[in-house]
Amino acid sequence: LRHLWVRRGFGRAIHIYIAAFGPIVVYTIAWYIFKSILRLPKARADDLYAKIDVVVAPFVANRFVALRSIWVKIGQYLSGRRDVVNSVWQNAFSVMQADMPSDTPEEIDATLCAAFEVESVDDIFSEFNYQPLASASIAQVHRARLAASGREVAVKIQHSGVADVFRKDMKRSIVIARVVAWLNADFDTMVTLLTVWEKEIENELNFHTEVENLREVRRILVDDVGANVIIPEVIDAHVAREAFAMEYIPNIFKADDVMLLDYHGVDKAALVTLVVHVWCCMLFQFGVFNADPHPGNCMVQLSEDVGARPVLLDWGWTVHMKASSLSHYRDLITCMLDMDIHGAAEALRRVGYRNNQDDRAPERSVQFFAYLFRDTGDLEATRKGQKEFMEQRRAQKAEDAKAGVREKGGRKMQAIPEEFMVVTRVIGLLRGLATALEVETPLMEIMATHAQLGRQRKPPQQ
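Residues numbered from 1 in each chain as written. Predicted model: local features only at pLDDT ≥ 70, side-chain atom pairs only at ≥ 80, totals over all residues. Heavy atoms only, no water.

This next bit is on the pairing of strand 5 (residues 234-239). Looking at chain direction, strand 5 and strand 6 (residues 243-247) are connected through 2 bridges and run antiparallel. Along strand 6, the bridge assignment pairs Val239 with Phe244. With antiparallel pairing between neighbouring strands as the criterion, strand 5 and strand 6 make up a hairpin whose turn holds 3 residues. (Pairing = 2+ DSSP bridges. Helix = DSSP H or I, 4+ residues; strand = E, 2+ residues; numbered from the N terminus.)

Here it is as structure tokens:
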């Protein structure tokens, strides 16, 4: 694994494109054979696709783990979307929610000494555990003790050489997404999301930015709102671009660890509802939110006095919405809850979303987002909702064809703002957590509650 990680340049690019285009070619050929040559019924074709998944999904997951970098982040996102990713792919990618290979002690020492401008790690820490508490795509976290105060801390350290690799891999991922979108226009949104993500990469690679985000959100959620969550406190004296120290939070585990939640008797419905409220508070009340709420960034700590508390980590990708945009999102959600089709359609227009059918059938875009923001449930309920929505879309398509008004190429998005892609991504990850824990939550009602509360707050700075 380490051999692939340290490989640079052309050799790494070859491995990336094999991992991506190999499966694309396999599924494209299968699609052509099943549909055009064998003309199989959908049920039979789905059975054969499932057999292909069993082979291809582990191959892609193993390549992603070996390549690390952005590929682990993509895998983490997909593994967190149990509501849309089938079980074979979800299980294959779930390995990326575990720890990734970590740097060597020598690399860690070099990074810390350069970041904090010291000759030895002992100048800062009286104790330092080289076995990481966690190791992810950009950084790893270690338990340590400050030499000056004796305080126990967690130290986040950027992987050696990760910045250059991340930037190049990000560009390669967009190339791959463009090819996929060329083959299937339904994946155009993937290109948009990756392009947005590319702009945020520099913030994720600069821990000064993450620290500022962490301080801001901790002030909002912990100090101002008094939310029942834990956000670690930054150790101000030890902050650098490639490393920083923060409060050590003991005895935590991932929010989707069903076995531990059940073992400790945690009320999963209450936990998920709290997590959803916290993110909707950030999003719709303050317009400042973590854009990457996968289970590795949302942990749980248990205590006798307050029960299960979410521990929110990794604030590198934090979105700050403009007051005007935030107002439009609040209008969209409240109109959708009130079933105000005209108001919701107008809010979508103000947000910047446009579909080629909006002029003649604006209610269809509202229906689409009502589907995205519908209440959560277990996997069976989720699949049922997906089936019903697709049946509704097929019926609309048939009506259009009968009336002779169907647009060339079918229903397509013409404009979707970058910010909107991130909002829907966050809601999707929250839905994925609820599905994984089989929890029903009134998602749109919670969103609307915080949108209405947000209207009573002072608008954020432009």
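There's plenty left to go through after this.
Before going further, it helps to spend a moment on the sheet that holds strand 10 (residues 307-312). Pairing between the strands of a sheet is mediated by backbone hydrogen bonds and can be parallel or antiparallel. If you walk across this open sheet you meet the 3 strands as 7-9-10, and the pairing is antiparallel. Taken across any chain shown, the strands that pair with only one partner, and hence form the sheet edges, are strand 7 (252-254) and strand 10. Averaged over neighbouring strand pairs, the angle between their axes works out to 35 degrees when direction is ignored. For strand 7 and strand 9 (residues 298-303), the ladder comprises 3 bridges, and the chain directions are antiparallel. For Lys254, the partnering residue across the bridge sits in strand 9 and is Met299. Sitting on the sheet, helix 11 (residues 268-286) is in contact with strand 9 and strand 10, with an inclination near 35 degrees to strand 10. (Axes fitted to C-alpha atoms, helices over the stretch in contact; angles between N-to-C directions. Contact = heavy atoms within 4.5 Å.)

This paragraph deals with the packing of helix 8 (residues 188-205) against helix 16 (residues 418-436). Relative orientation of the contacting elements helix 8 and helix 16 amounts to 100 degrees, with a least axis distance of 9 Å. With respect to helix 16, the axis of helix 8 lies roughly perpendicular. On helix 16, the residues touching Thr189, Thr192, Leu193, Val196 and Lys199 of helix 8 are Glu418, Met421, Val422 and Arg425. The class makeup of the residues in the contact of helix 8 with helix 16 is 4 nonpolar, 2 polar and 3 charged. (Parallel < 35°, antiparallel > 145°, perpendicular 65-115°, else oblique. Nonpolar A, V, L, I, M, F, W, Y, C, P; charged D, E, K, R; others polar.)

The subject of this paragraph is the pairing of strand 6. Most of strand 6 sits out of view: 4 of its 5 residues are buried. Of the strand pairs in this sheet, strand 4 (residues 152-158) and strand 6 are connected by 5 bridges, and their pairing is antiparallel. Paired with Ala154 across the two strands is Met246, which belongs to strand 6. (Buried < 20%, exposed > 50% of the residue type's maximum accessible area, 1.4 Å probe, protein only.)

Glancing now at the pattern of salt bridges. As a working rule, side chains carrying opposite charge can pair if their charged atoms are close by. This structure, assessed with the given rule, holds 25 salt bridges. With its nearest N and O atoms 2.5 Å apart, the salt bridge here joins Arg12 to Asp169. Of the two residues, Arg12 sits in helix 2 (residues 9-37) while Asp169 sits in helix 7 (residues 162-183), which places them 157 residues apart along the sequence. For Arg12, a relative accessible area of 2% puts it in the buried group. (Salt bridge = Lys/Arg side-chain N within 4 Å of Asp/Glu carboxyl O.)

Once that is clear, we can look at the packing of aromatic side chains. The full count for this structure, using the stated rule, is 18 aromatic pairs. Ring centres of Phe34 and Tyr49 lie 5.1 Å apart, and the angle between their planes is 70 degrees; on these two criteria the pair is classed as edge-to-face. Highlighted residues: Phe34 in helix 2 and Tyr49 in helix 3 (residues 42-67), separated in sequence by 15 residues. In textbook terms, an aromatic cluster arises when at least three aromatic residues are bridged by ring pairs, as seen for Tyr329, Tyr353, Phe368, Phe369, Tyr371, Phe373, Phe389 and Phe420. The aromatic ring of Trp197 is capped on one face by Arg425, whose charged end is 5.7 Å from the ring centroid. (Phe/Tyr/Trp six-rings, centres within 6.5 Å; stacked < 30°, edge-to-face > 60°. Lys NZ or Arg CZ within 6 Å of the ring centre and 35° of its normal.)

There is a patch of nonpolar side chains on the surface, built from Val25, Ile29, Trp31, Tyr32, Ile33, Ile37 and Leu38 and spanning about 680 Å² of accessible area. Position of Ile33 among the secondary structure elements: in helix 2. (Patch = residues over 30% accessible without salt bridge, like charges linked within 9 Å, V, L, I, M, F, W, Y side chains within 5 Å. Areas by Shrake-Rupley, 256 points an atom, 1.4 Å probe, with all protein chains shown as cover.)

A few words on the layout of surface pockets. Of the volumes computed, that of the second largest pocket is approximately 780 Å³. Considering the residues around the second largest pocket, the lining is formed by 37 residues, among which Ala134, Val141, Gly296, Asn297 and Leu313 are closest to the centre. Taken together, the residues of the lining of the second largest pocket sort by class into 19 nonpolar, 10 polar and 8 charged. (1 Å grid on protein atoms, 1.4 Å probe; cavity = no way out; pocket = protein on both sides within 12 Å on 5 of 7 lines; lining within 4 Å. Points joined across faces, edges and corners; volume = space filled by probe spheres on them.)

Axis separation between helix 11 and helix 17 (residues 443-455) bottoms out at 8 Å; the angle between their running directions is 40 degrees. Relative to helix 17, the element helix 11 is oriented oblique. Crossing hand, helix 11 versus helix 17: right-handed. Residues Thr273, Val276, His277, Cys280, Cys281, Phe284 and Gln285 of helix 11 touch helix 17, and the partners they reach there are Leu443, Ile446, Met447, His450, Ala451, Leu453 and Gly454. Split into classes, the residues belonging to the contact of helix 11 with helix 17 amount to 9 nonpolar, 5 polar and no charged. (Left-handed = near helix turned anticlockwise from the far one by under 90°.)

The tally for this structure, following the rule as stated, stands at 2 cavities of 30 Å³ or more. Each pocket or cavity is described by its volume, and for the largest cavity that value is around 70 Å³. Contributions of two or more residues to the lining of the largest cavity are made by helix 11 and helix 16. Considering each element in turn, the lining of the largest cavity owes the most residues, 3 residues, to helix 16. Class assignment of the residues belonging to the lining of the largest cavity gives a composition of 8 nonpolar, 2 polar and no charged.

Turning to the nonpolar core, a few remarks are in order. Across soluble globular proteins, nonpolar side chains have a tendency to be buried as a group. In terms of nonpolar packing, the biggest core is built from 118 residues, with Leu221, Phe289 and Phe420 touching the most fellow members. Top element by residues in this core is helix 11. It accounts for 12 residues. In this structure, Phe420 is in contact with Tyr329, Leu332, Leu348, Val351, Tyr353 and Phe369, ignoring residues within four places of it in sequence. Counting residues in hydrophobic clusters, the runner-up holds 18 residues, among them Phe116, Ile235, Ala243 and Ala245. (Core = buried A, V, L, I, M, F, W, Y, C linked by side-chain atoms within 4.5 Å.)

Look at Arg39: it is not a glycine, yet its phi comes out positive at around 50 degrees. Relative to the assigned elements, Arg39 resides in the loop between helix 2 and helix 3. Note on Arg39: relative accessible area 67%, which makes it exposed. The backbone of Glu438 shows a phi angle near 55 degrees, a positive value even though the residue is not glycine. Note on placement: Glu438 falls in the loop between helix 16 and helix 17.

All quantities given are derived from atomic positions and should not be read as evidence of function.
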